[in-house]
Amino acid sequence: MIKKIKRSLFAKVFIITTLLLLLVSLLVYGILAWIMPKTYSQELNNGLNQKVEEFVAELEQYTLQNSGSLFDQFVFANDISYMELYSQSGKLVSIPTIQQEETAVAQANSATSEYTIPTLSSTYYFSFLNSEERYMLIVYGEAAQIAELQQSFIQIFPIILVAIIIIAFFASWFYSRIITFPVLKISNISTKMSAMQLDWKLEEKRTDELGILEKSLNTLSQNLSTALSDLKNANAKLEADIEHERALEQAQRDFFSAASHELKTPITVIKGQLEGMLLGIGAYKDREKYLSRSLEVANTLEIMVQEILTISRLQTPNADYKSEHFDCVPIIQDYLRETEDLIVNRELQINLELPASILVNGNRYFMEKVFSNLIGNAIKYSPDGATIDIAVHEQQQRHLFRIENSGTHIPEETLSKIFEAFYRVDQSHNRKTGGSGLGLYIVQKVLQQHGSCCSVCNTKTGVKFSFEL
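First, a word on scope: everything that follows refers to the structure included in this document. Quick caveat, the model's predicted, so the values are computed rather than measured. (Residues numbered from 1 in each chain as written. Predicted model: local features only at pLDDT ≥ 70, side-chain atom pairs only at ≥ 80, totals over all residues. Heavy atoms only, no water.)

## Focus: the nonpolar core
Of all hydrophobic cores here, the largest spans 46 residues; its most connected members are Met367, Phe371, Leu374, Ile375 and Phe467. The set of elements that each furnish at least two residues to this core consists of α7 (287-315), α8 (328-338), α10 (364-381), β8 (387-395), β9 (398-406), α12 (439-449) and β11 (462-468). Counting residues per element, this core draws most heavily on α10, which supplies 8 residues. Apart from residues no more than four positions distant in its own chain, phenylalanine 371 is found in contact with Cys328, Ile331, Ile332, Gly376, Phe401 and Phe467. By size, the runner-up hydrophobic cluster in this structure holds 20 residues, among which are Val52, Phe74, Met83 and Val93. (Core = buried A, V, L, I, M, F, W, Y, C linked by side-chain atoms within 4.5 Å. Buried < 20%, exposed > 50% of the residue type's maximum accessible area, 1.4 Å probe, protein only. Helix = DSSP H or I, 4+ residues; strand = E, 2+ residues; numbered from the N terminus. Contact = heavy atoms within 4.5 Å.)

Pasting the structure below:
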């Protein structure tokens, strides 16, 4: 029980408030019970003094023997318990018309009732008419009202005590509820905040310090929620970047592993042919023939190295990627002129659907690689007498490039791998034509740098490559 009270702010405030209200109420009641009889007694005493002074002034107009009627009238007209008259020598003097026995009885009655009925007494000095002697008059007034007032305070004390307890209980509960409710609400909110639960909002109705605290907590909650959201987004982005970096590192490792393997093959071929010619072994005695073959392999090796360097430039962070405004039509036409002999020898039909000018923004050097690789593949892998269509159409301020060659198809299961590094559909055929397996890989990387992507599909008559700029 004590532990629960110590842990509860409402219980502490309720108990302390109840005890304070009880203490203050009882203190106020005790002060009233003590002061009110005193005050009322003082008022009765003042009234008695005024009446007795007027009575004494009248007595001074009469002799002792003739004052009996005045005493009788004064006693019966006022709440007088009894009176005592003493001579100058201190001797008790019998009051005229009031018998000595009555005085003694009154004194006896006063002695027995001294502790039950309080009385008010006053002493007055005066002289009767034609007398030089000074007399002392003691008047005892009845004060039963004071006793009744005191008795009333005693009788109603249990009722007042119960009322005080009930009022103190409900007042303390109401007061504790008002005081501790916002604090308990803020305490619950702080518990939620410690558990990082920020899906709440305090009502900012108060204008006092607690209202300022509620407003501050709302602001803090919003800032924390925003910060946590930003942190989660940043963390997710960081994880994505880390995964992307890992993927890039793995891709680079795979690429250089494949590159070393691909470079090893032509180097081994050249080395074997040279050693055979130097040693004059068998067919290698025909040096002219194998020197020509070694030159072809060296040319293939040179092309592969150049393509690897191109890929390295594409993958280098913060590389000097110069963008310019240039025309694609001259690039396509220049490459067709360079390969004109091969086109004629293989009797290929080139169909061009080009506008007068195709202006794009990008890197001219890399885009030359795109056109030379795509058109070069179409020329190399098309059978003799095939048709190659090179077309460009403008759609919504973008240029759609299409390069399609007839007479050949790519197996459907290999279309998704066609843009991977060192991937060849037909290994023997690519070796013969000097393919390195990097051309389409470079095409895709360059187009990605330009915000585009190359797609490939089989048509009824052949294979089509397309992209937008």
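Back to the write-up after that little detour.
## What about the packing of aromatic side chains?
Under the definition given, this model contains 14 aromatic pairs. On the basis of an interplanar angle of 80° and a centroid distance of 5.2 Å, the ring pair of phenylalanine 55 and phenylalanine 71 is categorised as edge-to-face. Linking phenylalanine 55 in helix α2 (residues 9-59) with phenylalanine 71 in helix α3 (residues 68-77), this pair joins segments that are 16 residues apart in sequence. You'll find phenylalanine 55 and phenylalanine 71 in the same group, each marked buried. Through pairs of rings, three or more aromatic residues link up here, namely Phe14, Phe169 and Phe170. (Phe/Tyr/Trp six-rings, centres within 6.5 Å; stacked < 30°, edge-to-face > 60°.)

## Describing the sheet that holds β11
Strand pairing in a sheet relies on backbone hydrogen bonds, with the paired strands running either antiparallel or parallel. Strands sit in the order β6-β8-β9-β11-β10 across an open sheet of 5 strands; the sheet is mixed. What marks the edges here is a single partner per strand, and that holds for β6 (349-353) and β10 (455-458). For this sheet, the mean angle separating the axes of adjacent strands, direction not counted, is 15°. Where β6 meets β8, 5 bridges bridge the pair, whose relative direction is parallel. Bridge assignment links isoleucine 350 to a residue of β8, and that residue is isoleucine 388. (Pairing = 2+ DSSP bridges. Axes fitted to C-alpha atoms, helices over the stretch in contact; angles between N-to-C directions.)

## Considerations on the side chain of serine 176
Within the secondary structure, serine 176 is located in helix α5 (residues 144-194). Among the residues examined, serine 176 registers a relative accessible area of 0% and is labelled buried. A polar contact is formed between the side chain of serine 176 and the backbone oxygen of serine 172, at a distance of 2.6 Å. When near neighbours in sequence (up to four residues on either side) are disregarded, serine 176 contacts Phe10, Val13, Phe14, Thr17 and Phe181. (Polar contact = N/O pair within 3.5 Å; in protein donor to acceptor, adjacent residues only side chain to side chain.)

## Comments concerning the packing of α10 against α12
Viewed as axis vectors pointing N to C, α10 and α12 meet at an angle of 140°, and their least axial separation amounts to 9 Å. Comparing their axes, α12 and α10 come out oblique. In this structure, the crossing between α10 and α12 has a hand that is left-handed. Taking contact as the criterion, the partners of Phe366, Met367, Lys369, Val370, Asn373, Leu374 and Asn377 in α10 are, on α12, Gly439, Leu440, Ile442, Val443, Val446 and Leu447. Considering only residue class, the contact of α10 with α12 consists of 9 nonpolar, 3 polar and 1 charged. (Parallel < 35°, antiparallel > 145°, perpendicular 65-115°, else oblique. Left-handed = near helix turned anticlockwise from the far one by under 90°. Nonpolar A, V, L, I, M, F, W, Y, C, P; charged D, E, K, R; others polar.)

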